[in-house]
Amino acid sequence: MKRILMHATIPVVIFISAILNFAYAQYNQIEITTHLKENFYDKSGNPLTGKGVLIGDVDSGIDIFNPMFFFSDGGEYTFIDANKDGNFTPGKDAVDLNKNGKKDKGEVLRYIEMKDGTYKLLNLDPEKFNPDMDFLYVDKNNNGRRDFGIKDGFKESDPTYGEQIFIAVDKNKNDELNKGEKLIALKTSKVRTLREKEGTIRRRGIDLIKHEEADSIFGHGTQVAGVLLGGTKGIQKVHGIATDAELVMAIIKYDYTPRFVKNFPDLVKFIKDEKANILLIEDGEFGWEFLDGSTEEEQLLNEYAREGMTIIGGAGNLGGSKLHMKDTLNPGVSKTYTVSAPEISEGKINNGAFVTFLWKDSVSDLTFEIETPDKNETIELNTGSGFIKAGGFNVSYAKEISSKGTGMMKFGFSKSDSGSIKGNWKIMVNSPEKIIIDGFVVDISQSWAPNTHWTSNYSDESIVTFPVTADSMISVGAYAVNYGWYEQVGDLATYSPRGYNIDGRLGVDITGPGHSSFSTSIGNGYTIFTGTSSAAPHVTGAAALMLQYDPSLTHSQIKQIIINTAKKDNFTGEVPNTDWGYGKLDIEEAIKFLIKNNP
């Protein structure tokens, strides 16, 4: 499942372009987009790190044992250079846990070598301990590996849920751990609560250690959490924006047919019940959706926003995907649109595709006729719902009208015995009047990639995905940092949505650094994180810092500050506009504006 808001599959041409740009980036200074250029403080003089703010995330899961997701609240200790060579030697040197000034049993240190998934852009040396990127741990049983979790006999009350983890303060900045430098113990999980796929709730302090579900979608939720709150500010090279915030996550379970996340209300209500200050939506749907903000789910988000919760979401990655088409129909002129379906879609038999047509004037009596890959045709369809066999294929259909007056005709294509729908599906459309239609297609891969796709009339307009189409949502697009695929660094990402939503509202409010930023990966590593899924937690982290400064801020106030302080440049042009919304996120300016107007 790849519909989570990251660009999961890179076409071959883009991949080659990306490799060339990786090489370019290595000769240029990288930008770690989660670092602020200035230090800011709340009204009590405490650093702005998101402390006291609870972020809710609807996402794919999280690697709870990753060292990036523990607070540095376990106390300060002395590094013991046991072999007296002046540097850290794994398995020989120690941490002075009992503070008696000498190495004792159970104090031997080794380190977790964090994996570098950034094509060496972060210069992580795999042959040595890097104080600003790797983690130390106490190898209590001296078995040469870090033991953790229930499988190794640890319980909820144990710091870092295993052999305790430490970070090193590289005081002299020589990228080594030397005699006399201090160690800080990690202790408490930054994850307060998790709702698992089947509804089981795990809580820190009770049974969070029992969470065993893998963050299976490329570690998506882990990467989002890394941007939000991973690591420790001021010590680690890669860390999140609001490192002292806490996280509550509702883990998504996907169905086979749209709506792919059928329990969406349960997920967001759980986060609301947990009293989260911010709700981040990290899922995007476009199959069989009105995309006009009319659904009960979108209205629920509006309600939460009115009550003060800040609602933020990535706008989706449909740009350049061939999964959306837009055209103008003229009276009495039949138009034919083709959906091309491969036999295999991302490793699975492509046994289902889902097509949606939307038009604003629902009273317009559009008619549709389907020609299957084996050249059989359905009858004309313009109302009601049903199921038709045409040759060796099946076509389901239903016409619906939203409360905002958007017309929708939705189709499902399948074959008997779950066979492949491979081939060209032609859809003939007639309208009695001039009207603009939008068409969307998604298959069983649920991917952003153009597997089953339109063969003509592609459009990057009106492609913000559900539920970020809710009226109240802070909708986030993405621009490129560090390197691009087709775009220059600083320019809008190729996949970022453009234009207005179906109901005429500006699609994107703000753009964030979403293409090729850095974050945490599953299995103890760092990765390049790309997509509006990466841009949205940048905005969310900014909101967390603002809420620490003034917990009384409402959704509307935060949204207004973010768009009022957005920056424009040669790429954005004059804003607001239909590509960039109000411009590029500027966290520093947003905080300065807040402090100036709320001293």
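See the structure above.
Residues numbered from 1 in each chain as written. Predicted model: local features only at pLDDT ≥ 70, side-chain atom pairs only at ≥ 80, totals over all residues. Heavy atoms only, no water.

A. Quick look at the overall build of the chain. The secondary structure content of the chain amounts to 7 helices and 29 strands. Scaling as 2.2 N^0.38, a compact globule of 599 residues should have a C-alpha radius of gyration of about 25 Å, and the chain matches this with 26 Å. Projected onto its principal axes, the C-alpha coordinates of the chain cover approximately 90 × 55 × 45 Å. The buried share of the chain, taken over its 599 residues, is 60%. Long-range pairs, those at least 24 residues apart, make up 73% of the contacts in the chain between residues at least 6 apart in sequence. On the chain, roughly 22800 Å² of surface is accessible, and the fraction owed to carbon and sulfur atoms is 49%. One finds the centroid of the 64 positive side-chain charges in the chain at a distance of 3 Å from the centroid of its 81 negative side-chain charges. (Helix = DSSP H or I, 4+ residues; strand = E, 2+ residues; numbered from the N terminus. Rg over C-alpha atoms; globule rule 2.2 N^0.38 Å. Buried < 20%, exposed > 50% of the residue type's maximum accessible area, 1.4 Å probe, protein only. Contact = heavy atoms within 4.5 Å. Areas by Shrake-Rupley, 256 points an atom, 1.4 Å probe, with all protein chains shown as cover. Lys, Arg positive; Asp, Glu negative; His and termini not counted. Charge placed at Lys NZ, Arg CZ, Asp CG, Glu CD.)

B. Main features of the side chain of Asp-42. Summarising the element assignment, Asp-42 is placed in the loop between helix 1 (12-26) and strand 1 (54-59). No salt bridge is formed by the buried Asp-42; the nearest opposite charge belongs to Lys-51, separated by 9.2 Å. At 3.2 Å, the side chain of Asp-42 and the side chain of Gln-548 are in polar contact. If sequence neighbours within four positions are ignored, Asp-42 has contacts with Leu-48, Gln-548 and Tyr-549. (Salt bridge = Lys/Arg side-chain N within 4 Å of Asp/Glu carboxyl O. Polar contact = N/O pair within 3.5 Å; in protein donor to acceptor, adjacent residues only side chain to side chain.)

C. Spotlight on the pairing of strand 13 (residues 310-314). The buried count for strand 13 comes to 5 of 5 residues, which makes it a mostly enclosed element. Burial of strand 13 is two-sided: the residues Thr-310, Ile-312 and Gly-314 facing one way and the residues Ile-311 and Gly-313 facing the other way are all buried. Two strands pair when backbone bridges link them, and strand 12 (residues 278-281) and strand 13 are joined in this way by 4 bridges, in the parallel orientation. Following the sheet pairing, Leu-280 is matched in strand 13 by Ile-312. Assessed by its sense of winding, the connection that carries the chain from strand 12 through helix 4 (residues 296-306) to strand 13 is right-handed. (Pairing = 2+ DSSP bridges. Right-handed = clockwise from strand over helix to strand, strands pointing away.)

D. Structural view of the environment of Ser-516. Looking at the element boundaries, Ser-516 is found in the loop between strand 27 (510-515) and strand 28 (517-521). As a C-alpha pair, Ser-516 and Lys-92 span 424 residues in sequence and 38 Å in three-dimensional space. Setting aside residues no more than four positions away along its own chain, Ser-516 makes contact with Val-481, Asn-482, Tyr-483, Ile-528, Phe-529 and Thr-530.

E. Structural view of empty space enclosed by the protein. Applying the stated rule across the entire model yields 1 cavity of 30 Å³ or more. Approximately 30 Å³ is the volume found for the largest cavity. Lining the largest cavity are Leu-323, Val-442, Asp-443, Ser-445, Ser-447, Ala-449, Asn-451 and Thr-452. In the lining of the largest cavity, the residues fall into 3 nonpolar, 4 polar and 1 charged. (1 Å grid on protein atoms, 1.4 Å probe; cavity = no way out; pocket = protein on both sides within 12 Å on 5 of 7 lines; lining within 4 Å. Points joined across faces, edges and corners; volume = space filled by probe spheres on them. Nonpolar A, V, L, I, M, F, W, Y, C, P; charged D, E, K, R; others polar.)

F. Region of the structure containing the packing of helix 2 (residues 220-229) against helix 5 (residues 532-549). Axis separation between helix 2 and helix 5 bottoms out at 8 Å; the angle between their running directions is 35 degrees. In terms of crossing hand, the pair formed by helix 2 and helix 5 is right-handed. Contact residues: His-220, Val-224, Val-227 and Leu-228 in helix 2; Ser-533, Ser-534, Pro-537, His-538, Thr-540 and Gly-541 in helix 5. Of the residues belonging to the contact of helix 2 with helix 5, the class tally is 4 nonpolar, 6 polar and no charged. (Axes fitted to C-alpha atoms, helices over the stretch in contact; angles between N-to-C directions. Left-handed = near helix turned anticlockwise from the far one by under 90°.)

G. How the structure looks around the packing of aromatic side chains. Inspection of every chain in the model, using the stated rule, returns 24 aromatic pairs. A ring pair is formed by Phe-79 and Phe-88, whose centres lie 6.2 Å apart and whose planes are at 70 degrees; its orientation type is edge-to-face. The two residues Phe-79 and Phe-88 agree in class, both being buried. Residues Phe-260 and Phe-354 carry aromatic rings whose centres are separated by 6.1 Å and whose planes lie at 75 degrees to one another, so their mutual orientation is edge-to-face. On the criterion of sequence distance, the pair formed by Phe-260 in the loop between strand 11 (246-251) and helix 3 (264-273) and Phe-354 in strand 18 (residues 353-359) is long-range, its members being 94 residues apart. Grouping residues by exposure puts Phe-260 and Phe-354 together as buried. Three or more aromatic residues link up through ring pairs in this structure, and these residues are Tyr-337, Phe-357, Trp-359, Phe-368, Phe-393, Phe-411, Phe-413, Trp-425 and Trp-454. Against the face of Tyr-77 rests Lys-99, its NZ or CZ located 5.1 Å from the ring centre. One residue, Lys-584, lies across the ring of Tyr-479, its end atom 4.5 Å from the ring centre. (Phe/Tyr/Trp six-rings, centres within 6.5 Å; stacked < 30°, edge-to-face > 60°. Lys NZ or Arg CZ within 6 Å of the ring centre and 35° of its normal.)

H. Representation of the pattern of salt bridges in the model. Under the criterion given, the structure shown has 29 salt bridges. Residue Asp-569 is joined to Lys-584 by a salt bridge in which the shortest nitrogen-to-oxygen separation is 2.6 Å. Separated by 15 residues along the polypeptide, Asp-569 in the loop between helix 6 (555-564) and helix 7 (587-597) and Lys-584 in the loop between helix 6 and helix 7 bring together distant segments of the chain. Taken together, the shared-partner salt bridges connect Arg-145, Asp-147, Lys-151 and Asp-152 into one network.

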